[in-house]
Amino acid sequence: MKLPTKTARWPTFLCAILLGHILWGSIRIPGRVYGRRMDNIERYLESGAPAYHLGNNHRQGARIIEKLLAETSPDAVILWRGEWKGCVEFVPLLIAPRLLVEDWRVPADARQFLDRPIARGELAPGLAGSFVLIGLGDSLDLELR
């Protein structure tokens with residue numbers, strides 16, 4: 001009887017490690033991956049899209065988006081300026097069907113752009129004008145034009 005050599009044991013050893021890895025992963029997937037995903041979905045449904053995406057430790061601005069959604073018509077144009085990367089990247093999908101347009105593209109005295117009204121409102125009693133969303137990277141601000 002011939003004993004297996006060291007080189008003949010390697011394929012068996014590698015197959016055993018691979019099988020163990022696949023088995024360990026298949027045991028962990030339901031609890032870790034699906035459970036975590038279900039927690040994220042539940043948090044999204046409870047808080048709403050603006051708070052889920054822009055109301056956390058990394059990005060701030062959910063209250064501003066909620067104010068714009070509540071006070072502007074669905075066909076409005078919302079002006080913006082500042083840094084695109086960060087919070088502003090989320091805004092177009094959060095405010096849809098409203099349009100997000102850079103403020104320099106719209107004349108200062110304009111009331112409409114692309115046959116849509118420019119979003120207007122008040123920030124404080126007596127302070128009314130066109131809303132301008134300001135991108136500050138990891139947060140948003142709202143000003144009047």
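Residues numbered from 1 in each chain as written. Predicted model: local features only at pLDDT ≥ 70, side-chain atom pairs only at ≥ 80, totals over all residues. Heavy atoms only, no water.

Caption draft 1: A nonpolar patch on the surface, seen in detail. Where nonpolar side chains cluster on the molecular surface, the patch consists of W10, F13, L14 and I17 and spans about 440 Å² of accessible area. Examined against the element boundaries, W10 turns out to sit in helix α1 (residues 6-47). (Patch = residues over 30% accessible without salt bridge, like charges linked within 9 Å, V, L, I, M, F, W, Y side chains within 5 Å. Areas by Shrake-Rupley, 256 points an atom, 1.4 Å probe, with all protein chains shown as cover. Salt bridge = Lys/Arg side-chain N within 4 Å of Asp/Glu carboxyl O. Helix = DSSP H or I, 4+ residues; strand = E, 2+ residues; numbered from the N terminus.)

Caption draft 2: Fine view of the packing of aromatic side chains. Inspection of the entire model under this criterion finds two aromatic pairs. Ring centres 5.3 Å apart and planes at 80° place the aromatic pair Y44 and Y52 in the edge-to-face group. Given the relative accessible area of 34%, Y44 is considered partly exposed. Taking relative accessible area as the criterion, Y52 reaches 22% and is therefore assigned partly exposed. Seen in terms of ring centroids, W80 and W84 are 5.4 Å apart; in terms of plane orientation they differ by 55°. Their pairing is tilted. (Phe/Tyr/Trp six-rings, centres within 6.5 Å; stacked < 30°, edge-to-face > 60°. Buried < 20%, exposed > 50% of the residue type's maximum accessible area, 1.4 Å probe, protein only.)

Caption draft 3: Fine view of the pattern of salt bridges. For the coordinates displayed, the defined rule picks out four salt bridges. Residue E143 is joined to R81 by a salt bridge in which the shortest nitrogen-to-oxygen separation is 2.5 Å. Taken together, the positions of E143 in strand β7 (residues 140-144) and R81 in strand β1 (residues 77-83) put the pair 62 residues apart, joining distant regions of the chain. Judged by relative accessible area, which is 31%, E143 ranks as partly exposed. Where R105 meets E102, a salt bridge forms, and the shortest distance between an N and an O atom there is 3.0 Å. On the basis of relative accessibility, which here comes to 47%, the residue R105 falls in the partly exposed class. The class for E102 is partly exposed, based on a relative accessible area of 26%.

Caption draft 4: Just helix α3 (residues 62-71), in detail. For α3, the full list of buried residues reads A62, I64, I65 and L68. Summarising the axial view, the buried residues of α3 lie within an arc of 165°, below the 170-degree limit, and thus occupy one face. Facing away from the buried surface of α3 by more than 90 degrees, the exposed residues are R63 and A70. Each element contacted by the buried residues of α3 is listed here: α2 (49-54), β1, α4 (91-95), β6 (127-136) and β7. (Arc of directions from axis to C-beta. Contact = heavy atoms within 4.5 Å.)

Caption draft 5: Layout of the environment of A96. Among the secondary structure elements, A96 is positioned in the loop between α4 and β2 (99-102). Measuring from C-alpha to C-alpha, the distance between A96 and Y44 comes to 17 Å, with 52 residues separating the pair along the chain.

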